[in-house]
Amino acid sequence: MSAKTTILTLPEEELVHPGHRACAGCGLSILYRFGLKALGRDTILVVPPSCLTVLQGLYPIAATQLPCLNVTFASTAAAATGIIAALKVRGKEDITVAAWAGDGGTSDIGIQALSGACERGDNFIFICYDNEAYMNTGVQRSGTTPQGVITTTTPIHGKPQQKKDMPAIMAAHTISYVATGSAAYPLDVYDKIKKAKTIEGPKYIHLHTPCPPGWGFDTRYTVKVGRLAVETGLFDLYEIEHGVFRLTGASKKLLGKERKPVAAYFETQTRFRALTRARISAIQRQVDEKWAGYEA
Amino acid sequence: MHIIESGNVAAAYGVKLARAQVIAAYPITPQTPLTEKLSEFVEAGEMQAEYIPVESEHSALAVCIAASSAGARTFTATSANGLLYMNEQVHWAAGARLPIVMCVVNRGIGAPWTIWNDHQDSISQRDAGWIQVYACDHQQIIDMVIQAFLLAETVSIPVMVCYDGYLLSHTYMPFDVPEAAAVDRFLPPFKPVYALDPRQPANLNTVTLPDIRPDIRGDLAPGYMEIRHNLHVDLRQAIEIVAEIDERFKDTFGRGGCPHVEPYCCDDADVIAVCLGSLSYQLRDVVDMLRQEGFKAGVCGIRLYRPFPDEAVRDTLAKAKGIVVFEKALSYGNEGALYGDIKSALYRCDCRPFVRNYILGLGGRDIRTADLLAAFRASCTATGYETDVPEWIGLKL
């Protein structure tokens, strides 16, 4: 395995122009900047409606230096397939095709096209930035919103259902590479995208993406909140390479150590205000059980 | 070379001769044999194309939209609910100005489920910004598919080639398959206006504001409304380009001459039937019978439905006393869609003929020549608008 990228060895070239339209403290803006460095210039992006559409700018000004095809909400992965097919018939197969969608565009409205493309084995990277609700339309619940979270469509009691485990769904497609990452650990994300570029077939990378206005925390705490999700064992960094699961980076370092209590994470964000003590204890038990499995 | 094959196979030969590079389709009756034939061509190595077996019609057009944006000649085909499932993509393809060609093998729309022919599927997409042409027989299907690629790529607007499910898709008729070399001369390789390219990055179809806006150099770029206005203007100009392409096709292959409308016995006709698709050839028999009875009847098939060739329609219909629009589709709660278009085209005439509307054949209800004859004869003896609502033929209430 190649050496881990550090802030000293990260390429200096920026592929995102300054002055993009993301909110202050946006986790996606960190991921997008590091992600594009990893994807490199020989990449074509596919983006459905999402915060990323806005981040990339309004016509005729663009914040991205990569060619990008904006597509309809449900069609992201199918559009990636189309670009791959066109590049193949035009003899330009050395170009990376990367789809980059939010949690709605991935796990909800986009899941059919994504499942189809993965079943066909098309050679692309699908990156899901998961900010755990429909943020671009104003914080409505999504399939990946955690249980108990207050959103504008679960405004009083919080979301009753569990978070959809999207990486597990993708792993069930038996694709070659599934990985998770977090905006709080962008170098880890950089290395995982670099690795994905070297693997044939569909690759899926799921990125935990703190969102100050949607989650209810101050814009200066994006990295702190993202780290707490990992340090409490709620969101885990891992890879599933050719079917083999392994914890990576900050999550791997938690093995055999005491994790921070999940309550420490919940306290940092107003979206968890409806969680009762009993509910928090239940979530802590779930996390402990999950980690007991990792430790075994 | 003349062969005897189904309408779906005629379409497949057209796509093959046009050298489509990326084909994506989801099977739906009665389009299925077309999809199967194309996958066979590709798998057997007879076509140098990527065939993408997508998981839905929405994705079929998504693949074509993206592949076309990346510079490939693309084709898809569908019917009925498949077309409706890709509805937002249909609009998107036109807005993005992509020269995709799609066959719509016309079928009625559920609910309730029907697999049989009418025109409600493609008519429901008439305002999407595509060019729509309707074929009357197998020869027209293959010829129109080949021409559709040249047309689409000339005007950067997608083209829908519509033909009747079962009546054409599954019946066998002789037709000429043009020589590949001649088609290659007629239809050169696709040269996209822009193809996605890391060396020339562009952010395509992004959010566009209500008003015009300067780019980073200060040059004004169009707003949404300008972009949409240009689509409309280019569609209207496509009427003339359809005629030019038809003429070139006739020079090369010896077939054509009716790019917009296909009149039969219309020159001296008192009453002219108007319709879409294969029904116009069935109505020719009815016209012959009426002529024997002494009625000056004619029929005008609409080949190009969008953009609507109102000038050609006026030229053909304006001298008649009456027009009878036979339609396999309906703008529910109002009247037949074509009926409205015909009335609108004739409104500018000094001496407007009366126009009647018959709805028939929905969901594959048999269209009996005797019924057509009775309705047409009644219209020949009519003197004006005897009813404001469409009349129904073959209805069994």
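Residues numbered from 1 in each chain as written. Chains lettered and ligands numbered in written order. Predicted model: local features only at pLDDT ≥ 70, side-chain atom pairs only at ≥ 80, totals over all residues. Heavy atoms only, no water.

1. So, the packing of helix H1 (residues 7-17) of chain B against helix H2 (residues 32-43) of chain B
All names here are of chain B.
- Two numbers describe how H1 lies on H2: the axes approach to 8 Å, and their chain directions differ by 40°. When the interaxial angle is binned, H1 and H2 end up oblique. Our pair here, H1 against H2, has a crossing hand that is right-handed. Between H1 and H2, the residues in contact are Asn8, Val9, Ala11, Ala12, Tyr13, Val15 and Lys16 and Pro33, Leu34, Lys37, Leu38 and Phe41, respectively.
- Classifying every residue of the contact of H1 with H2 by side-chain character gives 9 nonpolar, 1 polar and 2 charged. (Axes fitted to C-alpha atoms, helices over the stretch in contact; angles between N-to-C directions. Helix = DSSP H or I, 4+ residues; strand = E, 2+ residues; numbered from the N terminus. Parallel < 35°, antiparallel > 145°, perpendicular 65-115°, else oblique. Left-handed = near helix turned anticlockwise from the far one by under 90°. Contact = heavy atoms within 4.5 Å. Nonpolar A, V, L, I, M, F, W, Y, C, P; charged D, E, K, R; others polar.)

2. Quick word on helix H9 (residues 224-253) of chain B
All names here are of chain B.
- Helix length check: H9, at 30 residues, gives a terminal C-alpha distance of 41 Å against a target of 44 Å (1.5 Å per residue), a fit within 8%.
- Maximum bend of H9: about 35°, positioned at Ile239.
- Along H9, the residues that are buried comprise Leu231, Leu235, Ala238, Ile239, Ile241, Val242, Ala243, Ile245, Asp246, Phe249 and Phe253.
- Gly254 sits one or two residues past H9 and shows a positive phi near 80°. (Expected span 1.5 Å × (residues − 1). Bend = angle between axes of the 7 residues up to and from the residue. Buried < 20%, exposed > 50% of the residue type's maximum accessible area, 1.4 Å probe, protein only.)

3. Looking at the environment of Ile216 of chain B
- Its place among the elements puts Ile216 of chain B in the loop between strand S10 (213-214) and strand S11 (220-221).
- Taking the C-alpha atoms as reference, Ile216 of chain B lies 45 Å from Ser344 of chain B; in sequence the two are 128 residues apart.

4. Topic: the side chain of Thr78 of chain B
- Take Thr78 of chain B: it is sitting in strand S4 (residues 74-78).
- Not counting residues up to four positions away in its chain, the partners in contact with Thr78 of chain B are Ile28, Gln31, Glu57, Leu83, Met86, Met102, Cys103, Val104 and Val105 of chain B.

5. Overview of the state of the cysteines
Residues and elements named next belong to chain B.
- Scanning the entire structure with this criterion turns up 0 disulfides over all chains.
- Unpaired in this structure, Cys266 has its nearest cysteine sulfur neighbour in Cys300, at a distance of 5.3 Å.
- No disulfide involves Cys275; its sulfur sits 7.2 Å from the nearest other cysteine sulfur, which is in Cys136.
- For Cys275, a relative accessible area of 0% corresponds to the buried category. (Disulfide = S-S within 2.5 Å.)

6. Points about the sheet that holds strand S6 (residues 131-134) of chain B
Residues and elements named next belong to chain B.
- Read from one edge to the other, the open sheet built from 7 strands follows the order S3-S2-S4-S5-S7-S6-S15, with strand pairing classed as mixed. Of all the strands in the sheet, just strand S3 (50-52) and strand S15 (304-306) have a single pairing partner and so form its edges. Taken over all neighbouring pairs, the strand axes of this sheet differ in orientation by 20° on average, direction set aside.
- Bridge analysis of S6 against S15 gives 2 bridges, and the strand direction is antiparallel. Following the sheet pairing, Gln132 is matched in S15 by Arg306. (Pairing = 2+ DSSP bridges.)

7. Let's talk about a negative patch on the surface
All names here are of chain B.
- Side chains of Glu240, Glu244, Glu247, Asp251, Glu311 and Asp315 sit close together on the surface and give a patch of like negative charge.
- Of all elements in the fold, only H9 and helix H11 (310-317) reach the threshold of two or more residues within the negative patch.
- Per-element accounting of the negative patch gives the leading share, 4 residues, to H9. (Patch = residues over 30% accessible without salt bridge, like charges linked within 9 Å, V, L, I, M, F, W, Y side chains within 5 Å. Areas by Shrake-Rupley, 256 points an atom, 1.4 Å probe, with all protein chains shown as cover. Salt bridge = Lys/Arg side-chain N within 4 Å of Asp/Glu carboxyl O. Lys, Arg positive; Asp, Glu negative; His and termini not counted. Charge placed at Lys NZ, Arg CZ, Asp CG, Glu CD.)

8. A look at the domain arrangement of chain B
Residues and elements named next belong to chain B.
- As far as domains go, chain B holds domain 1 (2-186) and domain 2 (261-392).
- The C-alpha-based centres of domain 1 and domain 2 are spaced at 27 Å.
- Facing 22 residues of domain 1, the contacting portion of domain 2 comprises 23 residues.
- Buried surface at the junction of domain 1 and domain 2, summed over both partners, amounts to about 1800 Å²; 55% is from carbon and sulfur atoms.
- Taken together, the connections running from domain 1 to domain 2 amount to 2 salt bridges. (Domains from an automatic or database assignment. Buried area = accessible area lost by both parts, 1.4 Å probe.)

9. With respect to the side chain of Thr144 of chain A
Residue and element names in this part refer to chain A.
- The residue Thr144 is located in the loop between strand S4 (125-130) and helix H6 (166-171) in this model.
- On the basis of relative accessible area, Thr144 is assigned to the buried category, the value being 1%.
- A distance of 3.1 Å separates polar atoms of two side chains, one belonging to Thr144 and the other to Asp103.
- A distance of 2.7 Å separates the side chain of Thr144 from the side chain of Asp130, its partner in a polar contact.
- Residues contacting Thr144, with those up to four places away along its chain left out, are Asp103, Ser107, Asp130, Glu132, Lys159, Lys163 and Lys164. (Polar contact = N/O pair within 3.5 Å; in protein donor to acceptor, adjacent residues only side chain to side chain.)

10. Focus on the nonpolar core
All names here are of chain B.
- Counting 169 residues, the largest nonpolar core has Phe75, Ile302 and Ile342 as its most contacted members.
- Of the residues forming this core, the biggest block, 11 residues, is contributed by helix H7 (residues 138-155).
- Formed jointly, this core draws a minimum of three residues from each of two domains, domain 1 (2-186) and domain 2 (261-392).
- The contact partners of Phe75, leaving out residues within four places of it in the chain, are Val15, Ala20, Val22, Ile23, Ala24, Leu34, Leu38, Cys64, Val101, Met102, Cys103 and Phe149. (Core = buried A, V, L, I, M, F, W, Y, C linked by side-chain atoms within 4.5 Å.)

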